[in-house]
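Given next are the chains, with one letter for each unit.
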Amino acid sequence: MNPDFAITVTPIVVAELLVEGEVMPVCVHVIDHPDGRVLVDTGMTELHPAVVAAFNPRLFPLNEQDFDVAGIDIVVNTHLHADHCGGNHLFAGRPIYVQRRELDDARREDDYTIREWVDAPDLQYVPVDGELELLPGIRLVPAPGHTPGSQLVVVETGGRPVVICGDTAVWFGELDEPRVEAQRRIRALDPEQVWLAHVHEPWRPRAAHAEDHRPAEARDGRDRSTD
Ligand SMILES: [Zn+2]
């Protein structure tokens, strides 16, 4: 245990997407740290034709919830797909940490994201090359896979780490039985919990479960993917 401070992670649902006939949440995560409040991903705040066509979303934007936008000190984007960066514009003037590769791809590649959401006015990106200690006990760790520039946020909470994984895993089966290097990288961290962007509850190693608390979409065994 770290006796000096505790770091907590809280999910906030900011949208629901319709994917193959099923509703999937879009979650962002707040990390409360003694040195500041960190927001991981920003969801969406408005509809865009491209997003409507793909996901027919219902939005619960951060700026329309009981959420202290001004209280966020640092923003991290796990990656820059539209449903992860659409609220970045709310955080103009605050540092937004993203892997440099991700930022370059989002700005350069067509059909990658909604570029005007990425480059909303007055955003101050901090491009990161590789691993970075963001605050004591909070690390950014590259995890190329879902996108080449994806990153994880690894939070030391005293015991085993808590990981916020963006879309590196989209459903629990991808962590129960990792198939790609980035998912294996998460398991190698021996996490106590992993927060996914599109599942309400955190994934935990199966051995930690007395019974199966996973939501239905994780139990049904089907493969899924989304932005
Ligand atoms: Zn994505």
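The structure this text deals with has already been given above.
Please read all numbers here as calculations on a predicted model, not as lab measurements.

(A) Region of interest: the sheet that holds strand S12 (residues 193-195). With respect to topology, 5 strands assemble into an open sheet ordered S8-S9-S10-S11-S12, the strand pairing being mixed. Each edge of the open sheet carries a strand with a single partner, namely strand S8 (132-135) and S12. Pairs of neighbouring strands in the sheet enclose a mean axial angle of 25 degrees, with direction left out of account. Pairing geometry for strand S9 (residues 138-142) and strand S10 (residues 151-155), over 5 bridges, is antiparallel. When the bridges of S10 are listed, Arg 139 appears paired with Val 154.

(B) Up close: the sheet that holds strand S7 (residues 124-128). Pairing is mixed across the open sheet formed by 7 strands, whose spatial order is S4-S1-S2-S3-S5-S6-S7. Either end of the sheet is taken by a strand with one partner, and the two such strands are strand S4 (58-59) and S7. Where strand S3 (residues 36-40) lies against strand S5 (residues 74-76), 3 bridges are found, and the strand directions are parallel. Bridge assignment links Leu 39 to a residue of S5, and that residue is Val 75.

About the criteria used
Along every chain, residues carry numbers that run from 1 in the direction the sequence is written. Residue-level local features of this predicted model are given only where pLDDT is at least 70; pairs of side-chain atoms are given and counted only at 80 or more, and the full residue set underlies all totals for whole chains, interfaces and linings. When DSSP finds two or more bridges between two strands, those strands count as paired. A run of DSSP states H or I qualifies as a helix once it reaches four residues; a run of E qualifies as a strand once it reaches two. Both are numbered from the N-terminal end. The convention used is that axes are lines fitted to C-alpha atoms, helices contributing only their stretch in contact, and that angles between N-to-C directions extend from 0 to 180 degrees.

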